[in-house]
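# Notes for the structure review
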Amino acid sequence: MKKSLLPLFCFLLAMQLVGCSAGKVAVVERPMVIAHRGGASLGPENSLMAIESAIALGVDAVEVDVRLSADGHVVAMHDKGVNRTTDGKGRVNGLSLAQLKKFSLLDAVGNKTDERIPALDEVLELVAGRCRVLIEIKDNDSRGIEPAVVDAVARHSAWDWVAVQSFSDKVLERFNVLGVPFPLEKLFVFKLPLVPYIFDGTLRRLSMDKYDYVSSFNVHKCFARDGLVERLHSAGKSVKIWTFGKDDASRPVNADGVIVDSPQLWLP
């Protein structure tokens, strides 16, 4: 970002942050409850244990992050590397599936568990349509991940109960070109006030013509203002909010879905 634009950007961001907990909220009584990273408070993040626990609670969907291994397998992992969430070291795209499977996933306090990094195939086999699966693509620059995800969905006949979300327009556009029948959802952090631009890591123009194939816009919890939600709804788009922690469970929600670490606090 040019230094001359930095003060303006910071001012506009500050205007948004002021509204994080303020303003009128058009409450949705029962938003869709989506377990973030499989249900990060229920077990190691993106683990089969967490996913099964979330399903047992009755969630509407589980969200999992995926990346491509060195040998082309889609695996559930948020970070570029395995260091934070496992007892191993290295980058996901530099390790084969067999190598990744040697590592133990860690719990929230860093203790080893019996859980291993699951492949997307394992996630889909476990879920088997018992709830929806929201797949977040973390490999924005890996062109092979889109067809690999589609192949996994096809192997499990999961067309009717999966969706894909990404911050990357390129990723979403590549899925759209593939003609996938499942929903594509656009992640972003906030919309700038007064001007039609959103921030997803880069400033991008918010154009419904450009995003005509997107079914849902998924926005950070601090920036889901009523005006933005109403504008997206009027364009025929759903809105989901990310990511709510345990302290947000009593917060009114104005959107169609909530992506949460502790789904047990959001379910009846």
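Below, the structure is looked at part by part. Just so it is clear, the model here is predicted, and its values are computed rather than measured. (Residues numbered from 1 in each chain as written. Predicted model: local features only at pLDDT ≥ 70, side-chain atom pairs only at ≥ 80, totals over all residues. Heavy atoms only, no water.)

Strands sit in the order β9-β10-β11 across an open sheet of three strands; the sheet is antiparallel. Looking along the sheet, the strands with just one partner apiece sit at the ends: β9 (190-191) and β11 (203-205). (Pairing = 2+ DSSP bridges. Helix = DSSP H or I, 4+ residues; strand = E, 2+ residues; numbered from the N terminus.)

Attention shifts here to the packing of helix α5 (residues 145-155) against helix α6 (residues 169-177). Relative orientation and spacing of two packed helices are given, respectively, by the angle between their axes and the distance between those axes. Here α5 crosses α6 at 50°, and the two axes come no closer than 9 Å. Taken together, the axes of α5 and α6 are oblique relative to one another. Crossing hand, α5 versus α6: right-handed. Note on element contacts: α6 touches α5 through Val 171, Arg 174 and Phe 175, opposite Glu 146, Val 149 and Val 150. Residue composition of the contact of α5 with α6, by class: four nonpolar, no polar and two charged. (Axes fitted to C-alpha atoms, helices over the stretch in contact; angles between N-to-C directions. Parallel < 35°, antiparallel > 145°, perpendicular 65-115°, else oblique. Left-handed = near helix turned anticlockwise from the far one by under 90°. Contact = heavy atoms within 4.5 Å. Nonpolar A, V, L, I, M, F, W, Y, C, P; charged D, E, K, R; others polar.)

Scanning all chains against the criterion turns up 19 salt bridges. The shortest N-O distance in the salt bridge between Asp 79 and Arg 84 comes to 2.6 Å. Asp 79 gets classed as buried once you look at its relative accessible area, which sits at 18%. With its nearest N and O atoms 2.6 Å apart, the salt bridge here joins Asp 200 to Arg 204. Arg 204 gets classed as partly exposed once you look at its relative accessible area, which sits at 25%. Look at the salt bridges and you will find they share partners, linking Arg 37, Glu 45, Asp 65, Asp 79 and Arg 84 into a network. (Salt bridge = Lys/Arg side-chain N within 4 Å of Asp/Glu carboxyl O. Buried < 20%, exposed > 50% of the residue type's maximum accessible area, 1.4 Å probe, protein only.)

A few words on the side chain of Asn 46. In this structure, Asn 46 sits in the loop between β1 (32-35) and α2 (48-57). Take Asn 46: its relative accessible area is 2%, and that puts it in the buried class. A distance of 3.2 Å separates the side chain of Asn 46 from the backbone nitrogen of Asp 65, its partner in a polar contact. When sequence neighbours within four positions are dropped, the list of residues in contact with Asn 46 reads Arg 37, Gly 38, Glu 63, Val 64, Asp 65, Ala 76, Met 77, His 78 and Pro 118. (Polar contact = N/O pair within 3.5 Å; in protein donor to acceptor, adjacent residues only side chain to side chain.)

Burial within strand β6 (residues 132-137) is extensive, with five of its six residues counted as buried. Sheet analysis places strand β2 (residues 61-68) next to β6, joined by six bridges and oriented parallel. Residue pairing across strands places Val 62 opposite Val 133, the latter belonging to β6. As judged from the four bridges shared by β6 and strand β7 (residues 162-166), these two strands associate in the parallel manner. For Val 133, the partnering residue across the bridge sits in β7 and is Val 162. The β-α-β motif built from β6, the intervening α5 and the parallel element β7 has right-handed crossover chirality. (Right-handed = clockwise from strand over helix to strand, strands pointing away.)

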